[in-house]
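The chain contents come next:
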Amino acid sequence: MLDDVLALFAFTWANAIAVVVSAVIIYVVFLIYVRLFGARVLAQISTFDGLIVIMLGAVAGRVILMDVPWLPAGVLGLGTLFVLEAMFGELRKRSLGNRILNQAPLAVMVDGEPQDAALAKAHLAHDELMSALRQAGVRRLAEVRLAVFEPHGRISVLGVGDDIDSELLRGVEGLPSS
């Protein structure tokens, strides 16, 4: 029994070299895939992008540690995930696909007033909204014309002053009727 437990922690030089070689190969393959499919898969992470990143990490981690899937299966798995990300990216470019895959931007604060129903719909706490306002440099709630919970999970803050171009507000839910 003790031998079985100790065997779980056995690590030979051959295993160590295999892990290092797998890590280098999967790193290079990952870089190639990012070059082929664009750095967008790692920037401005949406819900779907976040899911892909988690899945990529899971596959890469298992390959590096020599767990099933083995290296060829891991390369194929990573490639499949990148192809799926590219397909969903193309689908998001279309209006219907974007509406299906991404939540609409949501006004969570209008004219300095937090919108409780919108905060609840976005699963945002009041404190999270206040934190985003502070990060945007807001000193008084009255400075905020509009705060929008964006599809990628960040909050955009538009201050009072000049009129806001209607194109910027297209698709934003929860705006007051003019």
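Please read all numbers here as calculations on a predicted model, not as lab measurements.

A.B. asks: How do you make sense of the overall build of the chain when you look at a structure like this?
C.D. replies: A tally of helices and strands in the chain yields eight helices and four strands. Walking the chain from its N terminus toward its C terminus, one meets helices and strands in the order α-α-α-α-α-β-β-α-α-β-β-α. Residues classed as buried in the chain amount to 31% of the 178 residues present. Sequence separation of at least 24 residues holds for 55% of the intrachain contacts in the chain that already meet a minimum separation of 6.

A.B. asks: How do you make sense of the pattern of salt bridges when you look at a structure like this?
C.D. replies: Oppositely charged side chains can form a pair if their charged atoms are brought close together. In this structure the tally under the stated criterion is six salt bridges. Glu90 serves as the salt-bridge partner of Lys93, at 2.8 Å between the closest nitrogen and oxygen. Of this pair, Lys93 and Glu90 both sit in helix H4 (residues 71-93), three residues apart, which is roughly one turn of that helix. Beyond isolated ion pairs, a larger network of salt bridges with shared partners links Arg139, Arg140 and Glu143.

A.B. asks: Can you walk me through the pairing of strand S4 (residues 155-159) in this structure?
C.D. replies: Side chains on a regular strand alternate between the two faces of the sheet. Looking at chain direction, strand S3 (residues 144-149) and S4 are connected through five bridges and run antiparallel. Directly across from Ala147, in S4, lies its bridge partner Val157. Between S3 and S4, which follow one another and run antiparallel, lie five residues, and Gly153 among them has a positive phi close to 100°.

A.B. asks: Hey, could you run me through unusual backbone geometry in this one?
C.D. replies: Glycine aside, a negative phi is what most residues show, and trans is what most peptide bonds show. One non-glycine residue, Asp111, lies in positive phi territory at about 50°. By the secondary structure assignment, Asp111 is in the loop between strand S1 (106-110) and strand S2 (113-114). Even without glycine at this site, His123 takes up a positive phi of about 60°. For His123, a relative accessible area of 71% puts it in the exposed group.

A.B. asks: Would you mind showing me how to read the environment of Leu36 here?
C.D. replies: Secondary-structure assignment places Leu36 in helix H2 (residues 13-37). As for Leu36 and Ala86, which are separated by 50 residues in sequence, their C-alpha atoms are 10.0 Å apart.

A.B. asks: Looking at this structure, how should I read the pairing of S1?
C.D. replies: Of all five residues in S1, five are buried; the element is thus mostly enclosed. Two elements, S1 and S3, share four bridges in a ladder whose sense is antiparallel. Counted as the bridge partner of Ala107 is Val148 from S3. Of the strand pairs in this sheet, S1 and S2 are connected by two bridges, and their pairing is antiparallel. Paired with Met109 across the bridge in S2 is Pro114. A loop of two residues connects S1 with S2, the two strands running antiparallel in sequence, and Asp111 in this loop sits at a positive phi of about 50°.

A.B. asks: What exactly am I supposed to notice about the nonpolar core here?
C.D. replies: Buried together is how nonpolar side chains tend to be arranged in soluble globular proteins. In this structure, Val108, Leu129, Leu133 and Ala147 are the most contacted members of the largest nonpolar core, which totals 16 residues. Elements represented by at least two residues in this core include exactly S1, helix H6 (116-121), helix H7 (126-135) and S3. Setting aside anything within four residues of it in sequence, one finds Val108 in contact with Glu113, Pro114, Gln115, Ala118, Leu119, Leu124, Leu129, Ala147, Val148 and Phe149. Counting residues in hydrophobic clusters, the runner-up holds 12 residues, among them Tyr33, Val34, Ala60 and Leu81.

A.B. asks: How should I be thinking about the sheet that holds S1 in this particular structure?
C.D. replies: Paired through their backbone hydrogen bonds, the strands of a sheet run either parallel or antiparallel. With antiparallel pairing, four strands are arranged side by side in an open sheet as S2-S1-S3-S4. Of all the strands in the sheet, just S2 and S4 have a single pairing partner and so form its edges. Where H7 meets the sheet, its contacts fall on S1, S2, S3 and S4, and the angle it forms with S4 comes to roughly 60°.

What counts and what doesn't
- Residues numbered from 1 in each chain as written.
- Predicted model: local features only at pLDDT ≥ 70, side-chain atom pairs only at ≥ 80, totals over all residues.
- Heavy atoms only, no water.
- Helix = DSSP H or I, 4+ residues; strand = E, 2+ residues; numbered from the N terminus.
- Buried < 20%, exposed > 50% of the residue type's maximum accessible area, 1.4 Å probe, protein only.
- Contact = heavy atoms within 4.5 Å.
- Salt bridge = Lys/Arg side-chain N within 4 Å of Asp/Glu carboxyl O.
- Pairing = 2+ DSSP bridges.
- Core = buried A, V, L, I, M, F, W, Y, C linked by side-chain atoms within 4.5 Å.
- Axes fitted to C-alpha atoms, helices over the stretch in contact; angles between N-to-C directions.

Coordinates in, geometry out; function isn't part of it.
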